[in-house]
Amino acid sequence: MHFKHPEILYFLILLIVPLLVHLFQLRHFKKEYFTNVRFLKALSIQTRKSSKIKKWLLLACRLLLLTCLIFAFSQPFSESQDSKNATNELYIILDNSFSMQAKGKKGELLKRTVQELLEETPENVNFSLITNSENYWNTDIKSVRDALQNLKYSATPFQLDNIMAKIKAHKSAFKKDIIIITDAIGLDEQQLKKSDATDSPSFIIPKAEQKNNVSIDSVFIHKTVENFYEISVQISSYGKNLNPIPISLYNENKLIAKTITTLDTKKKNLSFTIPKQSFHGYFSIVDDGLSYDNTFFFSISKTKKTNIISIGELSKSNFLSRIYTSEEFNYNNYILNSLDYNKLEEQDAIILNELDEIPQALITTLNSFVEKGGNLIVIPSAISSITNLNSFFSNFGNLTFNSLENREKLITKINFNHPIFNSVFENKVTNFQYPKTKKSFIISSSNPAALFYEDQSVFLTSIANSVSAVAVFAAPINSKNSNFQQSPLIVPTFYKMAMNNQNNDVSALIIGNNNPHLTEASLNKDAILTVKGLEEQFIPIQQILNNKVKMTFNNYPEQAGNFSIYNKKEWIENISFNYNRTESDLAPANETILSDYKTIQSIPSLFDTLQTDRTDNQIWKWFVIFALLFLIIEMAIIRFVK
């Protein structure tokens, strides 16, 4: 037992006062008997004995009363079992990602968690609250009540290591109690390892009852037939025994198609046919799982032709005119001597087709062209200078031409995950007629290859930046050196290389994905583009590139939907934003990764534990109670004992 004011115990010496008073009252006197009271002797002796008992009882009560009062004022207490952490700062990390939309026993996990925090957090407790999107430092429940009640789901996935880094950067002289409230969806060992283990975080893991979920993952143009688009929508299903779901297609909020589909596979593609014209709408489904991934917004711009120039001998470029047809492209070929450099800036893609030497003036122009969003395709000549090629590619990235090999090699492997072939093939093709080359350069590059030779060397690779790409072949592909022009691969390959970052396809950006978007617009230096939706508008980071504007959106907009780009009041382009689908799978995280961390059952038990383990037992309250009790006993003795 400890005393907050031990000096008050010196007042225990005052206990001698009741003793002296009591002894004074018990003094003996000489007794004289008078004849007229001698018959009362027996009664007097009996009364005197009763009075002595009463005085001894009163003395005991007064001594105990005074003792309890003195002890109460000295404030005795017993130290709590976790008293050394009583001054710790409390940090509550609240996961408000979309997976917390899942329903538990008492409703959506996030809403129920917020309600418990509002009801169970003591008003005198200071803490810091960190969510995926907001930070509230050194606050209390009264101050953040409104913010918690209006807390929205965040498009930013739950990244524990990033949040822990914020807390670590928040300097403090005290230790930290870190409480993490999350459903653990997407939590992995790497995030836990990056967390500061010295702060010993504890977890509260609300669990969902409903694990089934269906999401719309992507929309793309599968086929173009005369005046129609055949668009495909990819649906993913998670869980078991899923019911058939309705799916609807809207254009400008008008329903144009609806069907019901059964989910017999984990991923399923559905096709819809729409007129070949601009589109600004969304797909929508209805399921019993999460709601954030039930809508997919997308836009299709009015078809516009892509400008392409090839530079090289006409006889070697005839195959390009069969790929870049007049329906979709403005294609022209020029020999180097007749090239008008002023036309290069107007192009979307430029092809260097087997130039023996690349002039310095052209190198400078092409470097500027790529920086401003143009796509470049380079097919080397068998007699190209390696020094000239390496000098040229040093402007774009880490790629080096080495020696020329004079032997036949088969092209046998496709990198289906490469941007050139992404979404080109429905299935991974392994059985196809392998094209070959007779002579080829050995290329060293840190960039992944799109096509490989049989010896795993590079046939086609690309150097990508944020707005464009430089595609590079390792060999000439004229008919004398290769049969690649007769391969089925040549059409999708050249088509995708030219169309990289062009907006003739479906526009459906992901919120939080910082890949820039190119918009065709001729602006003066002071002009600013604005992105506007029905409920939200913002100004993105932007850079003017000749007749294009490069825009980066970061974490904007806050809500998914269809938007439009404006130059003041002038409409420029439609654009759509969607939430990332990383939260759609509600399969729980591997709980073994949390085995080394303390888990708490619920929010009420959290504060009960902190109160019990870290609050000293205030024994002085009991002494006050006993003092009152002895006072009552004393009053009773005085009143009722004769």
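Conventions we followed
Residues numbered from 1 in each chain as written. Predicted model: local features only at pLDDT ≥ 70, side-chain atom pairs only at ≥ 80, totals over all residues. Heavy atoms only, no water. Core = buried A, V, L, I, M, F, W, Y, C linked by side-chain atoms within 4.5 Å. Buried < 20%, exposed > 50% of the residue type's maximum accessible area, 1.4 Å probe, protein only. Helix = DSSP H or I, 4+ residues; strand = E, 2+ residues; numbered from the N terminus. Pairing = 2+ DSSP bridges. Contact = heavy atoms within 4.5 Å. Axes fitted to C-alpha atoms, helices over the stretch in contact; angles between N-to-C directions. Patch = residues over 30% accessible without salt bridge, like charges linked within 9 Å, V, L, I, M, F, W, Y side chains within 5 Å. Areas by Shrake-Rupley, 256 points an atom, 1.4 Å probe, with all protein chains shown as cover. Salt bridge = Lys/Arg side-chain N within 4 Å of Asp/Glu carboxyl O. Arc of directions from axis to C-beta. Polar contact = N/O pair within 3.5 Å; in protein donor to acceptor, adjacent residues only side chain to side chain. Parallel < 35°, antiparallel > 145°, perpendicular 65-115°, else oblique.

(A) Representation of the nonpolar core in the model. One finds Ile92, Leu94, Leu148, Ile181, Val531 and Phe577 to be the most contacted residues of the largest nonpolar core, which totals 49 residues. The leading source of residues in this core is helix 3 (residues 109-120), at five residues. Of all hydrophobic cores here, the second largest spans 32 residues; its members include Ile308, Phe329, Ala471 and Phe484.

(B) Highlighting the sheet that holds strand 8 (residues 176-181). Pairing within the open sheet is mixed, and its six strands lie in the order 7-6-3-8-9-37. What marks the edges here is a single partner per strand, and that holds for strand 7 (135-139) and strand 37 (598-599). Bridging between strand 6 (residues 127-131) and strand 7 involves three bridges; their strand directions are antiparallel. The residue of strand 7 that forms the bridge with Phe127 is Thr139. In this fold helix 3 packs onto strand 3 (89-94) and strand 8, with an angle of close to 155 degrees to the strand it touches most, strand 3.

(C) Fine view of a nonpolar patch on the surface. A contiguous nonpolar surface patch, about 850 Å² in accessible area, is contributed by Phe11, Ile13, Leu14, Ile16, Val17, Leu19, Leu20, Val21 and Leu23. Relative to the assigned elements, Ile16 resides in helix 1 (residues 16-25). Residue classification places Ile16 among the partly exposed residues on the basis of a relative accessible area of 46%.

(D) View of the pairing of strand 22 (residues 409-414). Bridge analysis of strand 22 against strand 23 (residues 436-437) gives two bridges, and the strand direction is antiparallel. Bridging across to strand 23, Leu410 finds its partner in Lys436. Pairing of strand 22 with strand 25 (residues 449-453), which is carried by three bridges, proceeds in the antiparallel orientation. By the bridge assignment for strand 25, Ile414 is matched with Leu451.

(E) How the structure looks around the sheet that holds strand 10 (residues 213-225). In spatial order, the strands read 10-11-14; together these three strands make up an open sheet with antiparallel pairing. Pairing within the sheet leaves two strands with one partner each, and these edge strands are strand 10 and strand 14 (267-275). The sheet shows a mean angle of 25 degrees between the axes of neighbouring strands, taken without regard to direction. Note that strand 11 (residues 228-238) and strand 14 share nine bridges and pair antiparallel. Paired with Ile231 across the bridge in strand 14 is Phe272.

(F) Just helix 9 (residues 386-393), in detail. Residues of helix 9 that are buried: Asn388, Leu389, Phe392 and Phe393. One side of helix 9 holds all its buried residues, which, seen down the axis, span an arc of 125 degrees.

(G) Representation of helix 5 (residues 160-169). For helix 5, the complete set of buried residues consists of Leu160, Asp161, Ile163, Met164 and Ile167. In an axial view of helix 5, the angular spread of the buried residues amounts to 160 degrees, which keeps them on one side of the axis.

(H) Summary view of the environment of Glu357. Its location among the elements puts Glu357 in the loop between strand 19 (349-353) and helix 8 (360-371). C-alpha of Glu357 to C-alpha of Ser384: the two residues are 27 residues apart in sequence and 6.1 Å apart in space. In contact with Glu357, not counting residues within four places along its chain, are Leu336, Ser385 and Asn388. Polar side-chain contacts of Glu357 include one of 3.4 Å to the side chain of Asn388.

(I) Region of the structure containing the packing of helix 7 (residues 314-323) against helix 10 (residues 490-499). Following both chains from N to C, one finds helix 7 and helix 10 inclined at 80 degrees, their axes separated by 10 Å at the closest point. Relative to helix 10, the element helix 7 lies roughly perpendicular. Across the interface between the two elements, Phe319, Leu320 and Ile323 from helix 7 touch Ile490, Val491 and Phe494 from helix 10.

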